[in-house]
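Survey of secondary and tertiary structure
These are the residues of each chain, in order.
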Amino acid sequence: MSDKPWAGRFTQPTDKFVEEFTASIDFDQRMYRYDIQGSIAHARMLARQGIIETAEADTIVEGLGAILAEIEAGSFEFSVSLEDIHMNIEARLIERIGTVGGKLHTARSRNDQVALDVRLYLRDELAEILEYLDKLQGSLLAQAEGNLAVIMPGYTHLQTAQPILFAHHMLAYYEMVKRDAGRMADVLKRLNVLPLGAGALAGTTFPIDREWVAAELGFDGVTRNSLDSVSDRDFALEFCAASSILMMHLSRLSEELILWSSADFAFVELTDAFCTGSSIMPQKKNPDVPELVRGKTGRVYGNLISLLTLMKALPLAYNKDMQEDKEPLFDTVDTVKGSLKIFADMIAEMKVQAENMRVAAARGFSTATDVADYCVRKGIPFRNAHEIVGKTVRYCLETGKDIPELSLEEFRQFSESIGEDIYDFVTLDASVNARRATGGTAREAVEREIARARRERAGEQ
């Protein structure tokens, strides 16, 4: 027999460069465990259905187990001439156990085989990614709990807007990551159906039991349309889309950490384990981890666009183009896992410079909105109150003062309605505690957010 599964139709050997150009073994060998896992279930099903003998299935399963051990021991020799992981394993199986190994491919095609392998692979990777997301949520929550009273400037347009609690800022990212976990869980739901049994595109004439294989491999069910089964990569696209949103969230936090750890802000300090120095400037401590995560975000975006472009004009069913789905998918998996793992640890060890945050929050007239709200409480229409405070800020700029530093007489030159109680609203603490965006004081709202998050993580309602 030729080492090509399709050699019977051909009279010439494959051109050497074509062989190398069309092979995928260099990257799809990472799916070896899943190819063997699926093949074992398939062999056992063939025996259950009387398509092959039970003894033959046992020999095949034993041979596949031996091949798994070879690969994991590093003694397995992968061959480019055998194109992919499926044919490398099958060829080695026949070499080990003889012609009975050729019966393994009964009632299946490489088309539904690879569709199965990718789903099994991504299912395991998603489980690990969900664990990393959970760990990152835990790190964000711990920072919020540990810095509950820390006040920092809140920004819009990167300009000082209103004072907020640092814990509230961390919990904003907790909510983002929570949504990321929800999206990944949704991908897992739609991914977890068995495509094996679709054959090349039109099923098989053998009396296979797809439901048994699905249960054996832990799938929730089976795919319904054989054409769609072998040509569907929506689950990979969904994963890359969810990963792009996740990386966008990490990139936004990266940008803030880069700014906050600079000497100009000095809001946080990233521990030495997550930074590097300069080859020429001895004082430098560079935030390389968040910078790299910010940079890798574009890489994940590119993988999504690559997959979308790959799939956009493919007729049904399988096309060789689809071999190109794996490298973007694998790279996205590796990038997301690495970014999440390092981010969870970095956030957990991050040190908050509370006093620097408080000093910054006091700058930029951050309590101006509170003065406007105070005027409204005195019966002044908000638009008029807005103008009063605008003139107050202009006065502060001209005199070099901040709002809390103004005397009552200075306040009253802009409105006679302002009284001594204005000072109950213009300090940082009063400003933060007066706001009720989510009910109660800002601190009470954050404490409720934390308590709710703790209940969610404990599986409580």
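Residues numbered from 1 in each chain as written. Predicted model: local features only at pLDDT ≥ 70, side-chain atom pairs only at ≥ 80, totals over all residues. Heavy atoms only, no water.

Our next topic: the overall build of the protein chain. If you tally the helices and strands in the protein chain, you get 18 helices and six strands. Expected size for 461 residues packed as a compact globule is a radius of gyration near 23 Å; at 31 Å, the protein chain overshoots this value by more than 25%. When the backbone C-alpha atoms are referred to their principal axes, the protein chain occupies close to 100 × 55 × 40 Å. Within the span of the protein chain, comprising 461 residues, buried residues form 48% of the whole. By sequence separation, contacts in the protein chain at least 24 residues apart represent 75% of the contacts at least 6 residues apart. In the structure as shown, the protein chain presents an accessible area of about 22100 Å², 51% of it carried by carbon and sulfur atoms. Of the side chains in the protein chain, 52 bear a positive and 71 a negative charge, and the two mean positions are spaced by 3 Å. (Helix = DSSP H or I, 4+ residues; strand = E, 2+ residues; numbered from the N terminus. Rg over C-alpha atoms; globule rule 2.2 N^0.38 Å. Buried < 20%, exposed > 50% of the residue type's maximum accessible area, 1.4 Å probe, protein only. Contact = heavy atoms within 4.5 Å. Areas by Shrake-Rupley, 256 points an atom, 1.4 Å probe, with all protein chains shown as cover. Lys, Arg positive; Asp, Glu negative; His and termini not counted. Charge placed at Lys NZ, Arg CZ, Asp CG, Glu CD.)

Of note, the amide linkage connecting L316 to A317 takes the cis form, showing an omega dihedral of 10°. With a phi angle near 60°, H157 is a residue other than glycine that sits in the positive phi range. Mapping H157 onto the fold places it in the loop between strand 1 (151-156) and strand 2 (159-165).

Let's shift gears to helix 5 (residues 85-97). Side chains that are three or four residues apart share a direction in an α-helix, a result of its 3.6 residues per turn. Here helix 5 is 13 residues long and its end C-alpha atoms lie 18 Å apart, about the 18 Å a rise of 1.5 Å per residue gives. Taken residue by residue, helix 5 has I85, H86, M87, N88, I89, E90 and L93 as its buried positions. Buried residues along helix 5 sit against helix 2 (25-28), helix 3 (32-48), helix 4 (54-73) and helix 6 (110-146). Among the residues of helix 5, the N-terminal cap falls to D84, whose side-chain oxygen and the backbone nitrogen of H86 are separated by 3.2 Å. (Expected span 1.5 Å × (residues − 1). Polar contact = N/O pair within 3.5 Å; in protein donor to acceptor, adjacent residues only side chain to side chain.)

To continue, consider the packing of helix 4 against helix 5. Interaxial distance between helix 4 and helix 5 falls to 10 Å at its minimum, and their mutual angle equals 115°. The handedness of the crossing between helix 4 and helix 5 comes out as right-handed. Here T59, I60, G63, L64, A66, I67, E70 and I71 of helix 4 lie close against helix 5, whose contacting residues are I89, R92, L93, R96 and I97. (Axes fitted to C-alpha atoms, helices over the stretch in contact; angles between N-to-C directions. Left-handed = near helix turned anticlockwise from the far one by under 90°.)

Our next topic: helix 14 (residues 368-377). Taken together, the buried positions of helix 14 are occupied by A368, D370, V371, A372, Y374 and C375. Buried residues along helix 14 sit against helix 15 (382-399) and helix 17 (428-434). At the C-terminal side of helix 14, G379 shows a positive phi close to 95°.

This part is about the packing of helix 6 against helix 10 (residues 234-260). Relative orientation of the contacting elements helix 6 and helix 10 amounts to 20°, with a least axis distance of 12 Å. The angle between the axes of helix 6 and helix 10 places the two elements in the roughly parallel class. Helix-helix and strand crossings are classified by hand; for helix 6 and helix 10 the assignment is left-handed. Note on element contacts: helix 10 touches helix 6 through F235, A236, F239, L246, L250 and L253, opposite V118, R119, L122, L126, I129, L133, L136 and L140. A breakdown of the residues in the contact of helix 6 with helix 10 according to their chemical character gives 13 nonpolar, no polar and one charged. (Parallel < 35°, antiparallel > 145°, perpendicular 65-115°, else oblique. Nonpolar A, V, L, I, M, F, W, Y, C, P; charged D, E, K, R; others polar.)

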